[in-house]
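Chain by chain, the residues run as shown.
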Amino acid sequence: MSPHLSTPALATPAQATSEQATQEPQPRYPLWQRLCSGWSRDQLLQLLLLLLGIALLTGGLLLPLLTMLQKSLQDENGLWVGLANFSAYFDSPHLGRTIGNTLWLGVLITALVVTIAFGYAYALTRTCMPGKGLFRLVGLIPLLMPSLLPAISLVYWFGNQGVAKGLLGGESIYGPIGIVIGLGFWCFPHALMILITALGQSDARLYEAARVLGSSGWRTFVTVTLPTARYGLLSAAIAVFTLTICDFGVAKVIGGQYSVLATDIYRQVIGMQNFSLGAVASVTLLLPALLSFALEHRVRSKMQEQSSTKAVPYQPKPHRLRDLLALGWCTLWALLFLALVGMAVYGSLVQFWPYNLGLTLDHYAFDSNSVYGWQPFTNTLQLGLYTALVGTVLVMVLAWAQEKGRHFAWLRQLLHLLAMLSLAVPGMVLGLGYIFFFNGNPLFGSLHGTLPLMVLSCVIHYYTVGHMTALTSLKQLPRELELVAISLRIPLWKAFWRVTLPASLPALLEIFIYLFVNAMTTTSAVIFLYSSDSVLASIAVLNMEDSGDTAAAAAMATLILLAAATVKLLQLFLSRALLDRTQRWRHQ
């Protein structure tokens, strides 16, 4: 054997026993503790919130849509038939007319509303006309009412016994004329808000350069104003088009025999109990809504790229002729809006239209003149309150987990995608998906017809706008607030409670009011979800009008408007004191 090689010494039994005795047994931790051993409490909190948000939007949005898509591929007995339902639906001559009517109305109403709203927004932002605040308030009134109210008002104005029936030249208000006027009125404030924002962000330096170069007013309008507002115009057009093709209330009340996709879904499900073809019609309506959503998302990103932090706000200068024309334009449309709202209120107070025009409150005595009593109105108040409370908390907490966290990037992106997707789903489509998903699931079957399910539907349906509002507010908060909290070793949840929430109070109030008002006025999102015990005011309005009790329907719709307006005014008065206390740092 080589002298350089040696055999390792073998341990004696006594030495081996001693070494085993000195080795401590390793503890066995649960799997979740081993996986999360390197994470802080803040990271675990963010992960929990992200998973909660994804689960909520998956169960409240994706799964109902997938269940509805599955139902469209099955027959009435649940047997797989593939595309047979789509083939039968698209072979119907009625469908081609329905799709054509829907698209034609969408294009026509979009063109009219965007044109009128652009002139109205231009007068509010680019002129020195008097009464801007009042005109803006009047222009936003339709946000506080269900789409059924302008339709009822049109019945009083131009119906078979309307006071101005002759102005239509023998044409009937029950059809495309009524739908265009009613939906145009209801969609107007949505376009107005977008265009006010677009025109208000113009850079004054561009107009100064045009003035120095000797450009005329018209040339400046064509070469400066329109190009800078083009993305706002496109965004407003997409928003109006989407609202038009997805609305159900106006077409149901005053559409007559003029068929559109939204009323076709209602007819298939409620009238014919054909849920498979109802699912097919819903998928058909969902496609243009998704396309509009994709275009709107693209346009919004372009608007953000166009905006500059160095832009100088435009300040209009007095111009007698321009200001008078702007005043005349806004006065014309404001009077028409007030006439439409006022007629519905007046109709609810008339004893017996049109034979006895004496005023009375009898139509508001729902306990005696309605099978529903006051229950629909109290149910609606509860729905609005619960939707606003639950939705505001969820929106703010989940937006904070997405925006302020710096971990789990793919989960944050997934949550954002789901949050944006809910905007593209029409309310009737989501409601029908809820029927298929929750009724067919033994775990959730008892939820049908209950208030919690309608609260979930409203929160999911209106989630996107609240989520975007919360994200915008959180992005505006100084980054130094988080850095100070980290340096002082303050947990993120405590910084959120003591700093982020008070600083984001304006956004919280806006989200609360937005959810409350929309839950109060919605019809399409809950039309398939109510029961006899949970009927809502907007549903009662629809059923009253359908049975010919127009005065009681106008009274209930007026109560919805008054309740929403009252809450909005309370929010304005109460928030002023709170904002003075919590927003002083923004002005220092």
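Here the structure is a predicted model, which is why all the values come from computation and not from measurement.

Criteria and cut-off values
- Residues numbered from 1 in each chain as written.
- Predicted model: local features only at pLDDT ≥ 70, side-chain atom pairs only at ≥ 80, totals over all residues.
- Heavy atoms only, no water.
- Helix = DSSP H or I, 4+ residues; strand = E, 2+ residues; numbered from the N terminus.
- Buried < 20%, exposed > 50% of the residue type's maximum accessible area, 1.4 Å probe, protein only.
- Contact = heavy atoms within 4.5 Å.
- Areas by Shrake-Rupley, 256 points an atom, 1.4 Å probe, with all protein chains shown as cover.
- pLDDT = per-residue confidence, 0-100.
- Axes fitted to C-alpha atoms, helices over the stretch in contact; angles between N-to-C directions.
- Parallel < 35°, antiparallel > 145°, perpendicular 65-115°, else oblique.
- Left-handed = near helix turned anticlockwise from the far one by under 90°.
- Nonpolar A, V, L, I, M, F, W, Y, C, P; charged D, E, K, R; others polar.
- Phe/Tyr/Trp six-rings, centres within 6.5 Å; stacked < 30°, edge-to-face > 60°.
- Salt bridge = Lys/Arg side-chain N within 4 Å of Asp/Glu carboxyl O.
- Pairing = 2+ DSSP bridges.
- Patch = residues over 30% accessible without salt bridge, like charges linked within 9 Å, V, L, I, M, F, W, Y side chains within 5 Å.
- Core = buried A, V, L, I, M, F, W, Y, C linked by side-chain atoms within 4.5 Å.

A. Representation of the overall build of the chain within the structure. The number of helices and strands found in the chain is 26 helices and two strands. Looking at the chain as a whole, 49% of its 588 residues are labelled buried. Counting only contacts in the chain whose residues sit at least 6 apart along the sequence, the fraction spanning at least 24 positions is 80%. Summed over all atoms, the accessible surface of the chain reaches about 29,500 Å², with 66% contributed by carbon and sulfur.

B. How the structure looks around the confidence of the model for the chain. Looking at the chain as a whole, the pLDDT averages 82, with 83% of positions reaching at least 70. This stretch, residues 1-11, has a pLDDT under 50; its non-local contacts, to residues over four places away or in other chains, come to zero contacts. Contacts of residues 18-22 to residues separated by more than four positions or lying in other chains number zero contacts, the stretch itself having pLDDT below 50.

C. The arrangement of the packing of helix α19 (residues 427-439) against helix α20 (residues 451-461) in detail. In the contact formed by α19 and α20, the axes pass within 11 Å of each other and the chain directions differ by 135°. Comparing the axis directions of α19 and α20 gives the class oblique. Once α19 is placed against α20, the crossing between them reads as right-handed. Contacts between α19 and α20 involve G427, L430, Y434 and F438 from the first element and L453, L456, S457, I460 and H461 from the second. Grouping the amino acids of the contact of α19 with α20 by side-chain chemistry returns six nonpolar, three polar and no charged.

D. Quick peek at the packing of aromatic side chains. Following the criterion strictly, the structure yields 17 aromatic pairs and no others. Aromatic side chains W374 and F377 sit 6.2 Å apart centroid to centroid with 75° between the ring planes, which places their arrangement in the edge-to-face category. The class of F377 is buried, set by a relative accessible area of 13%. Put simply, the rings of Y120, F185, F188 and F337 touch in pairs and so form one group of aromatic residues.

E. Just unusual backbone geometry, in detail. Of the consecutive residues W353 and P354, the connecting peptide bond is found in the cis state with omega at -10°. For P354, the location among the structural elements is in the loop between β1 (350-352) and β2 (356-359).

F. Just the pattern of salt bridges, in detail. Overall, the coordinates contain three salt bridges when judged by the stated rule. Notably, a salt bridge pairs D264 with R267, separated by 2.5 Å at the nearest N-O pair. Here D264 pairs with R267, and both are found in helix α13 (residues 261-271), just three residues apart, close to one helical turn. For R267, a relative accessible area of 33% translates into the label partly exposed.

G. Broad picture of helix α25 (residues 537-546). Most of α25 sits out of view: eight of its 10 residues are buried. Regarding α25, the residues found buried are A537, S538, I539, A540, V541, L542, M544 and E545. Just downstream of α25, G548 is the residue with a positive phi angle, here 95°.

H. Focus on the pairing of β2. Inspection of the sheet shows β1 paired to β2 by two bridges, in the antiparallel sense. Across the sheet, V350 pairs through a bridge with L359, a residue of β2. Connecting β1 to the next strand, β2, in antiparallel fashion are three residues.

I. How the structure looks around a nonpolar patch on the surface. Taken together, the side chains of L385, Y386, L389 and V390 present a nonpolar region at the surface, about 340 Å² in accessible area. Tracing the chain through its elements places L389 in helix α17 (residues 375-404). Overall, L389 belongs to the partly exposed group, its relative accessible area being 43%.

J. Region of interest: the packing of α17 against helix α21 (residues 463-476). Put simply, α17 and α21 touch, their axes get as near as 9 Å, and they point 50° apart. Taken as axis vectors, α17 and α21 run oblique relative to one another. Here α17 and α21 pass one another in a crossing that is right-handed. Residue-level inspection shows L394, V395, M396, L398, A399, W400, Q402, E403 and K404 of α17 in contact with α21, the latter providing Y463, G466, H467, A470, L471, L474 and K475.

K. The nonpolar core, seen in detail. With 162 residues, the main nonpolar core has Y120, I254, I265, L383, M428, I527 and F528 as its most contacted residues. Ignoring sequence-local partners within four residues, the contact set of L383 consists of L451, M454, V455, C458, A519 and L536.

L. Highlighting the side chain of T523. Tracing the backbone through its elements, the reader meets T523 in the loop between α24 (505-521) and α25. On the accessibility criterion, T523 (5% relative accessible area) is buried. Non-local contacts of T523, meaning those with residues more than four positions away in its chain, are made with L148, F248, S538 and I539.

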